[in-house]
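# Examination of the molecular architecture
Okay, here's what each chain looks like letter by letter:
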Amino acid sequence: PASDEAKMYVLKLDMMSGTYEFTPYVEDLCDEYFYVGQLNGWSDSDQSYPLYNSSGESAYIDPIFYTVIPAPVDGDGNRVDNWFKIAPGTAYESGAFWDNLICAVNDGDTSLKGEYMIGNGGAFNQPASDGATYYRIAINVLAGTWEFTPMAFAEYIYEIGNEGGWSESHP
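Numbering of residues begins from 1 in every chain and follows the order in which that chain's sequence is written. Restriction of local features to residues with pLDDT of at least 70 applies here, the model being predicted, together with a cutoff of 80 or more for giving and counting side-chain atom pairs; totals for whole chains, interfaces and linings are based on all residues. The basis for the side-chain values is all heavy atoms of the structure; hydrogens and waters are excluded.

## Here's the deal with the overall build of the protein chain
What the protein chain contains, in helices and strands, is 0 helices and 11 strands. Only DSSP runs of H or I with at least four residues qualify as helices, and only runs of E with at least two residues qualify as strands; both kinds are numbered from the N terminus onward. Written out in order from the N terminus, the α and β elements of the protein chain read β-β-β-β-β-β-β-β-β-β-β. Counting every position in the protein chain, which comprises 171 residues, the buried fraction comes to 35%. What sets the accessible areas is the Shrake-Rupley method with a 1.4 Å probe; for residues, cover comes only from the shown protein chains. For the protein chain, the exposed area adds up to about 10,300 Å²; of that, 52% sits on carbon and sulfur atoms. Accessibility here uses a 1.4 Å probe with only protein chains present; expressed as a share of the type maximum, an area under 20% marks a residue as buried, one over 50% as exposed, and anything in between as partly exposed.

As C-alpha cells, then:
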C-alpha cells in the first residue's frame, strides 16, 4: 500500500511451494560508499578509497559494493592491523558523520563475514597476522551484510611471453 512509506519492495519467491512474499524497504540507500580507517587516518573528509558496485546502477538494483585496498603499514614498512568502518556518501554532508557509518556489531570484529549496524559503533579489524597484502571489502547494503577477503599477492604481476624470450625475469 502507498501508506507504508516503502522506497521499494523486496519480492521473495518460493518456487517449490508456489508462494511469494513482499517486504517493504523503507530505508534510503546511498549510491556511494567509502573506506574510513587506518589507511586514511580516520578522516571524515577523505574519499580516497571508494567502494563500487559492478554495474554502476542504483543500490536498489545492484546493492553489493566492493573495493580492494592495500594492507596498512607503519612508518617502518611493517604490516599493522587494518581497523576501519564504511561511510555512505551522504554521511559527509549530514553534519553527523560518525553517526551514519557502517560499523561492526562487535568492536574489533575479525570475522570474514557477517551483519553490520549503522551508527557510531565498533570498527572492523583485519589483523596484521593474517599475512594479507590487500583486502577485498564487499558490503551488501540491501541485506545489511559484509564480507572481507584477505589477499596475498604482489603489487605488480608480470607477464611472461614471446616478446621477453619466455624469460622468468622479464618485467
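## What to know about the environment of Ile86
Residue position: Ile86 is located in strand β6 (residues 82–88). Overall, Ile86 belongs to the buried group, its relative accessible area being 0%. When the C-alpha positions of Ile86 and Tyr49 are compared, they lie 9.8 Å apart, and in sequence the two are 37 residues distant. Any two residues whose heavy atoms approach within 4.5 Å are treated as being in contact. Excluding anything up to four places from it in sequence, Ile86 contacts Tyr33, Phe34, Tyr35, Leu51, Leu101, Ile102, Ile137 and Ile139.

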